[in-house]
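Analysis of the macromolecular model
Listed here are the chains, written in short residue letters.
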Amino acid sequence: MPTLLLTGANRGIGKRLAELYAADGWDVIAAVRNPSAYDGPGEAMALDVADSDSISVAVENLSGRPIDVLWNNAGVYLDKNVGLDDLQADAWEETFRVNTIAPIMISRAFADNVAASDQRKLVFTSSKMGSITLLSGGAYAYRSSKSALNMAVSVMTKDLSERGIRTLLLHPGWVRTDMGGSSADIDVDTSAGGMKSVVDGMTDGQSGAFLNYDGEEFPW
Ligand SMILES: NC(=O)c1ccc[n+]([C@@H]2O[C@H](COP(=O)([O-])OP(=O)(O)OC[C@H]3O[C@@H](n4cnc5c(N)ncnc54)[C@H](OP(=O)(O)O)[C@@H]3O)[C@@H](O)[C@H]2O)c1
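Here goes a summary of the coordinates provided. It should be emphasised that the depicted structure is a prediction, and the values quoted were computed from it without experimental measurement.

The rules behind the values
Residues numbered from 1 in each chain as written. Predicted model: local features only at pLDDT ≥ 70, side-chain atom pairs only at ≥ 80, totals over all residues. Heavy atoms only, no water. Helix = DSSP H or I, 4+ residues; strand = E, 2+ residues; numbered from the N terminus. Rg over C-alpha atoms; globule rule 2.2 N^0.38 Å. Expected span 1.5 Å × (residues − 1). Buried < 20%, exposed > 50% of the residue type's maximum accessible area, 1.4 Å probe, protein only. Contact = heavy atoms within 4.5 Å. Near = heavy atom within 4 Å. Polar contact = N/O pair within 3.5 Å; in protein donor to acceptor, adjacent residues only side chain to side chain. Areas by Shrake-Rupley, 256 points an atom, 1.4 Å probe, with all protein chains shown as cover. Nonpolar A, V, L, I, M, F, W, Y, C, P; charged D, E, K, R; others polar. Axes fitted to C-alpha atoms, helices over the stretch in contact; angles between N-to-C directions. Parallel < 35°, antiparallel > 145°, perpendicular 65-115°, else oblique. Left-handed = near helix turned anticlockwise from the far one by under 90°. Core = buried A, V, L, I, M, F, W, Y, C linked by side-chain atoms within 4.5 Å. Arc of directions from axis to C-beta.

In this section: the overall build of the protein chain. Along the protein chain, the regular secondary structure elements total 6 helices and 7 strands. Mapped from its N terminus to its C terminus, the protein chain presents α and β elements in the order β-α-β-β-α-β-α-α-β-α-β-α-β. A globule of 220 residues ought to have a C-alpha radius of gyration of about 17 Å, and the protein chain, at 16 Å, matches this closely. Each principal axis of the C-alpha distribution contributes one length, and for the protein chain these read about 50 × 40 × 30 Å.

In structure tokens, the structure reads:
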């Protein structure tokens, strides 16, 4: 059975991803801040993605266990509707810790587990809001955190390719979750189902790509 390690698995897009992978027969390791409150499928494992000690404990727990897909999905959008005048440095730093630095540190920490698997895929939930081509206004922290994630993953793709590890950056669409809000375009089924199909069908040539949830290429 292939194994998925998924962050942000307890709600929103992540919870639906956990359900879809479990329904497909995968072993799901749901990395969440509060395992005792997790009510989704698979095994819950404690992980605060922004805490290096928490990452070290998780690495110990999963030592020697192959991970076919490590999906860095946890994210925060702390500066929703915040413009230049109200921009806060603390919130910007926290956004970078969770959205940019954590996915890279977690991917590095579990690289041996991923390299030991059959599928060897690192997946990152990025965002259209990180696209410089499609820029609109506001949300300095969130937008820049996802642009920086895209760059950092591009660098990591080169570093890890010789170990046979492949990467994908995905825009999940504008999705009706706590983060996306109730007027967003699509539901979690459409987003998570679409992204899972893209990851399932990923080719070697797609490694490092930035794709929409429907598989279309996304402008950087
Ligand atoms: N919804 C959209 O329209 C949209 C659009 C583009 C991109 N995205 C991206 O899609 C991903 C999932 O978003 P969503 O809409 O499902 O958001 P959500 O419903 O707000 O869920 C966010 C998830 O991230 C987790 N998380 C946040 N900080 C964490 C930390 N320090 N350690 C561990 N987990 C942490 C949350 O866990 P807790 O419950 O413990 O807080 C929760 O599981 C994010 O990366 C987001 O940026 C979403």
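This paragraph deals with helix H5 (residues 140-161). Since the α-helix advances by 3.6 residues per turn, residues separated by three or four positions end up pointing in the same direction. Its 22 residues give H5 an end-to-end C-alpha distance of 31 Å, which sits within 8% of 32 Å, the value for a rise of 1.5 Å per residue. Those residues of H5 not exposed but buried are Ala141, Tyr142, Arg143, Ser145, Lys146, Leu149, Asn150, Val153, Met156, Thr157 and Leu160. Lining the buried residues of H5 we find helix H3 (89-109), strand E5 (121-125), strand E6 (166-171) and strand E7 (209-212).

Attention shifts here to the site of the ligand. Neighbouring residues of the ligand: 27 residues in total, closest Asn10, Arg11, Arg33, Tyr142 and Thr177. A distance of 2.7 Å separates an oxygen atom of the ligand from a polar atom in the side chain of Asn10. Between Ile13 and the ligand, the recorded distance is 2.9 Å, taken from a backbone N or O atom to an oxygen atom. Relative to its unbound accessible surface of 890 Å², the ligand loses 93% to contact with the protein. Elements supplying a minimum of two residues to the shell around the ligand: helix H1 (12-23) and H5. Partitioning the shell around the ligand into residue classes produces 11 nonpolar, 11 polar and 5 charged.

Here we take up the packing of H1 against helix H6 (residues 188-200). With their axes 9 Å apart at the nearest point, H1 and H6 run at an angle of 55° to one another. It follows that H1 is oblique to H6 by the angle criterion. In the packing of H1 onto H6, the handedness of the crossing is right-handed. Side by side, H1 and H6 meet where Gly12, Ile13, Arg16, Leu17, Leu20 and Tyr21 of the first sit next to Val188, Asp189, Ser191, Ala192, Gly193, Met195, Lys196, Val199 and Asp200 of the second. For the contact of H1 with H6, the per-class residue count stands at 8 nonpolar, 3 polar and 4 charged.

The next subject is the packing of H3 against H5. Where H3 meets H5, the closest approach of the two axes is 8 Å, and the angle between their N-to-C directions is 20°. When the axis of H3 is compared with that of H5, the two are roughly parallel. H5 is crossed by H3, and the crossing has right-handed handedness. Where H3 approaches H5, its residues Trp92, Thr95, Phe96, Asn99, Thr100, Pro103, Ile104, Ser107 and Arg108 are matched on the opposing element by Tyr140, Ala141, Tyr142, Ser144, Ser145, Lys146, Ala148, Leu149, Ala152, Val153 and Met156. Here the contact of H3 with H5 is built from residues that sort into 12 nonpolar, 6 polar and 2 charged.

Among the nonpolar cores identified, the biggest contains 30 residues, and Leu5, Leu70, Ile106, Phe110 and Leu122 are the most heavily contacted of them. Mapped onto this core, the elements with two or more residues apiece are strand E2 (27-32), helix H2 (52-61), H3, helix H4 (111-115), E5 and H5. For Ile106, the residues in contact, after removing those within four places along its chain, are Thr7, Leu47, Val49, Ile55, Leu70 and Asn72. In terms of nonpolar packing, the next biggest core, distinct from the first, is built from 27 residues, Tyr38, Trp71, Met202 and Ala209 among them.

Moving on to H2. If you check which residues of H2 are buried, you get Ser54, Ile55 and Ala58. Down the axis of H2, the sector holding all buried residues measures 100°, keeping them to one side. Away from the buried face of H2 by more than 90 degrees, exposed residues Ser52, Asp53 and Glu60 are located. Contacts made by the buried residues of H2 are with strand E3 (43-46) and H3.

From the geometry alone we can't say anything about function, so treat these as descriptive.
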